[in-house]
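Listed below are the residues making up each chain.
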Amino acid sequence: MKSFIKQISKIALLAVFVLLPSAASAQDARLRFEKLNGLETKARDVVEVNIEGKLLDLARRVMTKSKDADAQKVSQAIKDLKGIYVRVYNFENENEYNPSDVEEIRNQLTAPGWEKLANVRSKKNNQKVDVYTMFTGDVMSGLAVVVSESKSIALVNVIGPIDIDLLMELSGKMNIPKIDIDTNK
Amino acid sequence: MLSKKNVLAIMILFLAFTFIAPVAANAKGNEYKQIVRHLKTKYKAKKVKIPFMFLARFAVSIVRPAGVKSFSVTIFEDLKFSKETLDEEMQAAMRDSFGADWSPILRIRSRDGEQVYMYMRDAGKDSVKISLVTIDKEQAAVIRATINPDRLAEFMDNPKIFGIKLDDGNKTSETPEKTEETKVVTEKTEEPKKDN
């Protein structure tokens, strides 16, 4: 009986060591938005979107079944996505939030794996836009967009492989905003 | 031979499954009713009667338009709440009512008193359940629907009920053109195969 328990414990330990790193790497691109919970009471409007698992599956199933070519492409683009998370906070007045709250999110993006793709700084409305990407090999495994202005904060976190070429092809179609990127080298 | 301890343990387990499990399942199975009750009791909301609602629900259960298997709508008016605490109270009520199998998808909260909460869960047999609660000023609506995604996709491709087309017939001419393009491409790629 004791040897059986020992064997089970060994298997359990092995499972933990084998599964834990893969689970951790899958969660790497997920930003922790909990730090922004304090903004809930200060903000005039709050928008929280969590699209994962079942809803992504549903979207995939609907798009795959559709005969529309663009819908099929969208289905292809989201086929391996793990989640899409959005947080938007709008404030009544300027400087109603503490900039360190947003900096905490930006600090998370200094972790290994994240690369800054673009950043925009404008004096108008004290606008700061940062786009970060995470790559696993050659595949983009995560995307983060942090937008802060004097009266609003917007955060977008996409987890899973994203096909940029396909996304570009779909821009301007099916309610996907038009993306103008000059691809000529 | 089973020891007294084992017999006792089995009896406790049996009792737990017999009495506690159905209560727990029931507590989390009536999300819709719980939210409706919360709006009614907490905010003294008055239910608005929707004429022929039962008929609409019956028709939907038969016709299943756009893959909607069933639905429920309850509308309230004259809600009395504090704008400051409404979101917190609603979030707590939603958490208490919706079990772990439900996923919160969307939450919108505005200081003006506009709130939207959307939850979703797998309902087995290729179906999903969607629950939506909207509060706008003094009015509220609680909506629940069970949808078959495959049927919804079919409806999106070809929107018709009882054979009556619901689109204006202006379906984008992109699709046929594209299929022609793809035909040309496939023909071209097939040529070398013939040679081989």
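All residue numbers refer to positions counted from 1 along the written sequence of the respective chain. By the order in which they are written, chains take letters starting at A while ligands take numbers starting at 1. Only residues with pLDDT of at least 70 are given local features in this predicted model, and only at 80 or more are side-chain atom pairs given and counted; all residues enter the totals for whole chains, interfaces and linings.

Caption draft 1: Quick peek at the overall build of chain B. Scanning chain B from terminus to terminus reveals six helices and eight strands. When each of the 196 residues of chain B is scored for burial, the buried share is 20%. In this description a helix means any DSSP run of H or I spanning at least four residues, a strand means any run of E spanning at least two, and both kinds are numbered starting from the N terminus. Using C-beta atoms placed from the backbone, we call a residue buried if 20 or more other C-beta atoms fall within 10 Å of its own, exposed if 12 or fewer do, and partly exposed for counts in between.

Caption draft 2: Just helix 4 (residues 69-77) of chain A, in detail. Within the span of helix 4 of chain A, buried status applies to A71, V74 and A77 of chain A. Seen from one end, helix 4 of chain A has its buried residues packed into an arc of 115°, which puts them on one side. Note that the arc is computed from the directions linking the helix axis to the C-beta atoms.

Caption draft 3: Quick look at the nonpolar core. The biggest cluster of nonpolar side chains holds 33 residues, and the ones touching the most others in it are L39, A45, L79, Y117, Y119, M120 and A140 of chain B. Of all the secondary structure elements, the ones that give two or more residues to this core are helix 3 (53-65) and helix 4 of chain A together with helix 2 (31-42), helix 4 (83-97), strand 4 (115-122), strand 5 (128-136), strand 6 (139-147) and helix 5 (149-157) of chain B. In this structure, Y89, V102, I105 and A144 of chain A belong to the second largest nonpolar core, which totals 18 residues. Note on terminology: a nonpolar core is a set of buried residues of type Ala, Val, Leu, Ile, Met, Phe, Trp, Tyr or Cys, with members joined through C-beta atoms within 7 Å.

Caption draft 4: Structural view of the pairing of strand 3 (residues 114-122) of chain A. Residues and elements named next belong to chain A. The element strand 3 is barely covered by neighbouring structure, given that only zero of its nine residues are classed as buried. Examined bridge by bridge, strand 3 and strand 4 (residues 127-136) share eight bridges and lie antiparallel to one another. Bridging across to strand 4, A118 finds its partner in V131. Being paired, for any two strands, means DSSP has found at least two bridges between them. With antiparallel pairing between neighbouring strands as the criterion, strand 3 and strand 4 make up a hairpin whose turn holds four residues, including N125 at a positive phi of roughly 60°.

Caption draft 5: The arrangement of the interface of chain A and chain B in detail. Contacts are defined on C-beta atoms placed from the backbone: any two residues whose C-beta positions lie within 7 Å are in contact. Taken residue by residue, the interface counts 19 residues in chain A and 22 residues in chain B. Of all the secondary-structure elements, those providing two or more residues to the side of chain A that touches chain B are strand 1 (45-52) and helix 3 of chain A. Per-class residue counts for the side of chain A that touches chain B are eight nonpolar, three polar and eight charged. With five bridges joining them, strand 1 of chain A and strand 3 (residues 103-110) of chain B adopt antiparallel strand pairing. In the sheet register, V46 of chain A faces strand 3 of chain B, and the bridge partner there is R109 of chain B. Amino acid classes used here: Ala, Val, Leu, Ile, Met, Phe, Trp, Tyr, Cys and Pro are nonpolar; Asp, Glu, Lys and Arg are charged; the rest, including Gly, are polar.

Caption draft 6: View of the environment of K151 of chain A. Residues and elements named next belong to chain A. With respect to the helices and strands, the residue K151 is situated in the loop between strand 5 (139-149) and strand 6 (152-159). For K151 and Y89, which are 62 residues apart along the polypeptide, the C-alpha to C-alpha distance reads 8.4 Å. Look past the residues within four positions of K151 in its chain and what remains in contact with it is N90, F91 and E94.

Caption draft 7: Quick look at the pairing of strand 1 of chain A. Note: strand 1 of chain A against strand 2 (residues 83-90) of chain A, eight bridges, orientation antiparallel. Looking across to strand 2 of chain A, one finds that E48 of chain A is bridged to R87 of chain A.

Caption draft 8: Local environment of the sheet that holds strand 1 of chain A. Pairing is antiparallel in the open sheet, where twelve strands are placed in the order 3(A)-4(A)-5(A)-6(A)-2(A)-1(A)-3(B)-4(B)-5(B)-6(B)-2(B)-1(B). Single-partner strands in this sheet number two, and they are strand 3 of chain A together with strand 1 (46-48) of chain B. Averaged over all neighbouring strand pairs, the angle between strand axes comes to 10°, with direction disregarded. In the sheet, strand 3 of chain B pairs with strand 4 of chain B via six bridges, with the strands oriented antiparallel. Each bridged residue has a counterpart across the sheet, and for P104 of chain B the counterpart in strand 4 of chain B is Y119 of chain B. Relative to the sheet, helix 2 of chain B contacts strand 2 (68-77), strand 5 and strand 6 of chain B, its axis offset from that of strand 6 of chain B by approximately 175°. The axes are straight lines fitted to the C-alpha atoms, using for helices just the contacting stretch, and the angles between their N-to-C directions are given from 0 to 180°.

Caption draft 9: The arrangement of unusual backbone geometry in detail. All names here are of chain A. Of note in this structure, N95 is not a glycine but carries a positive phi near 55°. Residue position: N95 is located in the loop between strand 2 and helix 5 (99-108). Positive phi, close to 55°, is recorded for N126, a residue that is not glycine. Residue placement: N126 occurs in the loop between strand 3 and strand 4.

Caption draft 10: The packing of helix 2 of chain B against helix 4 of chain B, seen in detail. Residue and element names in this part refer to chain B. For the pair helix 2 and helix 4, interaxial distance at closest approach is 9 Å and the crossing angle is 150°. On the basis of their axis angle, the class for helix 2 and helix 4 is roughly antiparallel. The two elements helix 2 and helix 4 cross, and the hand of that crossing is right-handed. Here E31, Q34, I35, H38 and K42 of helix 2 lie close against helix 4, whose contacting residues are E89, A93 and S97. A breakdown of the residues in the contact of helix 2 with helix 4 according to their chemical character gives two nonpolar, three polar and three charged. An angle below 35 degrees is treated as roughly parallel, one above 145 as roughly antiparallel, one from 65 to 115 as roughly perpendicular, and anything else as oblique. Should the near helix be turned counterclockwise from the far one by less than a right angle, the crossing is left-handed, whereas a clockwise turn marks it as right-handed.

Caption draft 11: Local environment of the confidence of the model for chain A. A residue-level look at chain A finds 75% of positions with pLDDT of 70 or above and a mean pLDDT of 77. Low pLDDT, under 50, characterises residues 11-27 of chain A; the stretch is placed with one contact to residues that sit more than four places away or in other chains. Values of pLDDT, ranging from 0 to 100, describe the predictor's confidence in every residue of the model.

Caption draft 12: Spatial organisation of the environment of M120 of chain B. In this fold, M120 of chain B is placed in strand 4. By the C-beta count within 10 Å, which is 23 here, M120 of chain B ends up buried. The contacts of M120 of chain B, once residues within four sequence positions are left out, are K54 and L55 of chain A together with W102, S103, I105, V128, K129 and I130 of chain B.

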